[in-house]
Amino acid sequence: MRSPSLDTRCVHAGRDDLARLGVHAPPIDLSSTYPLHDLAEGTADLDALASGARDPLHGSVYARLHNPTVARLERAVAELEGGEAAVAFASGMAAITAILLSLTARGRHVVAVRPVYGGTDHLLASGLLALEVSWSRADQVRAALRPDTALVFIETPANPTCALVDIADVVRQAGDVPVVVDSTFATPVLQRPLALGAAASLHSATKFLGGHGDTVGGIIATSEALARPLRQVRIVTGALLHPLAAFMLHRGLPTLSLRVLAAQERARELALRLSGHPAVAAVHYPGLPGGDPQSLLGRQMNGPGSLLAFEVAGGYEQAQQVMRAVRLITPAVSLGSTDSLIQHPAGLTHRLVPERERAALGISPGMLRLSVGVEGVEDLWRDLDRALAVPATGAWSTADSADPEFVTAEMLGAG
Ligand SMILES: *Cc1c(COP(=O)(O)O)cnc(C)c1O
């Protein structure tokens, strides 16, 4: 049988047991504990789950060990990523912490390529997990490896600059050292790192997988062999995805492909228009000419996605002014929601990255990161264009921002 398209998988993945259960939507199992009528069976289930098994033989025993609603989401994401298994966590950071803790068999040295999400950067650089980290350029990973290197950590597209890392090349350089890819910006719609040789593909499910800005979670697609220690870490740390959150994230998947592609079309158009805007000094987006110097679009990614970064000519003052002046776009951290969000990496998400590093990565004081949603593209452009026209002195702001009628008429009215 021909394998179903990704669109079809997004709609049906992880729902294979529903017909048998006689339901149409995934049930939400909120049990904290489960009846154990047979002691020997309970012992066997505990043994299996404590050793990292995906499913118990008889029952879930206790919510920290296993939950059927979470397991359904895991089956769905494993299928979308082309992995044997997926393991869900309370947040993206819980997932990253778990994989760092679970892969230390070879040692406690990690090779990581900047830029990465600010929280990841801080976790690696702070020494909180007692790991030794070598920051490396993507093309110099091989030279950074040591006998005690536990894993190589990369993020592509990278937060916040949207720079792409060649996954297959890093995998080649890493040899038998596992490569972990934070694929949050791409989603399985645009990129499947496991097929390129990565050991694990990781997501802040808070972003595109949930897709509506209302759920926090993290998930890692990987082999069954690496999933087992991840489940063990989850059991002992208790960094659980709540079943309600798992239901919400699973509910986001049927529209994942539609949302990602629709947002990408809008992002392409906005990136083009921004790059011609007199108040914009630079736009960073893989879909623009020169934005993908390694030609990874088509080879590694199906499309450039819906995140872009741009630098305003007026620097920090103007960037601050844009965040104040937008009306339709929400000034907020996070990304991957149906609504568009704009934020200032140097002042917010990446403020803990040492300033020298920020400068080297191009995270300038005038940089804004835009997560494009699925609103009408002309409405988004009008909002951006208007916000960019506001002088950096802030002279404009008080009168107009005090008048919500003005905003409604301007933003959502004719044309
Ligand atoms: C948001 C984000 C994270 C952290 O995820 P949380 O769900 O906020 O813990 C990790 N990586 C990337 C690329 C992110 O955007």
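Residues numbered from 1 in each chain as written. Predicted model: local features only at pLDDT ≥ 70, side-chain atom pairs only at ≥ 80, totals over all residues. Heavy atoms only, no water.

Formed by 33 residues in total, the largest nonpolar core has its most connected members in Leu-73, Val-77, Leu-209, Ile-219, Leu-241, Leu-253 and Leu-256. At the level of elements, helix 4 (68–81), strand 1 (85–89), helix 9 (187–190), strand 7 (218–222), helix 11 (243–252) and helix 12 (256–275) are the ones that each hand at least two residues to this core. With 6 residues, helix 4 is the single largest residue contributor to this core. If sequence neighbours within four positions are ignored, Val-77 has contacts with Ala-86, Leu-209, Ile-219 and Leu-253. (Core = buried A, V, L, I, M, F, W, Y, C linked by side-chain atoms within 4.5 Å. Buried < 20%, exposed > 50% of the residue type's maximum accessible area, 1.4 Å probe, protein only. Helix = DSSP H or I, 4+ residues; strand = E, 2+ residues; numbered from the N terminus. Contact = heavy atoms within 4.5 Å.)

So, about the site of the ligand. In the vicinity of the ligand there are 14 residues, among which Met-93, Asp-182, Ser-204, Thr-206 and Lys-207 approach most closely. At a separation of 2.8 Å, an oxygen atom of the ligand approaches a polar side-chain atom of Ser-204. The contact in question runs from an oxygen atom of the ligand to an N or O atom on the side chain of Lys-207, over 2.7 Å. Looking at the shell around the ligand, its residues break down into 4 nonpolar, 7 polar and 3 charged. (Near = heavy atom within 4 Å. Polar contact = N/O pair within 3.5 Å; in protein donor to acceptor, adjacent residues only side chain to side chain. Nonpolar A, V, L, I, M, F, W, Y, C, P; charged D, E, K, R; others polar.)

Attention shifts here to the confidence of the model for the protein. Looking at the protein as a whole, its pLDDT mean stands at 93, while 94% of the residues score no less than 70. Counting interchain partners and residues more than four positions distant, the pLDDT-below-50 stretch residues 394–415 has 23 contacts. (pLDDT = per-residue confidence, 0-100.)

With that out of the way, let us pick up the pattern of salt bridges. Side chains that differ in sign of charge can pair as their charged atoms come close. Going through the model one piece at a time under the given rule, you end up with 21 salt bridges. With its nearest N and O atoms 2.7 Å apart, the salt bridge here joins Arg-114 to Asp-121. Accessibility classification places Arg-114 together with Asp-121 in one group, the buried group. Between Asp-383 and Arg-386 there is a salt bridge, and its shortest N-O distance comes to 3.7 Å. (Salt bridge = Lys/Arg side-chain N within 4 Å of Asp/Glu carboxyl O.)

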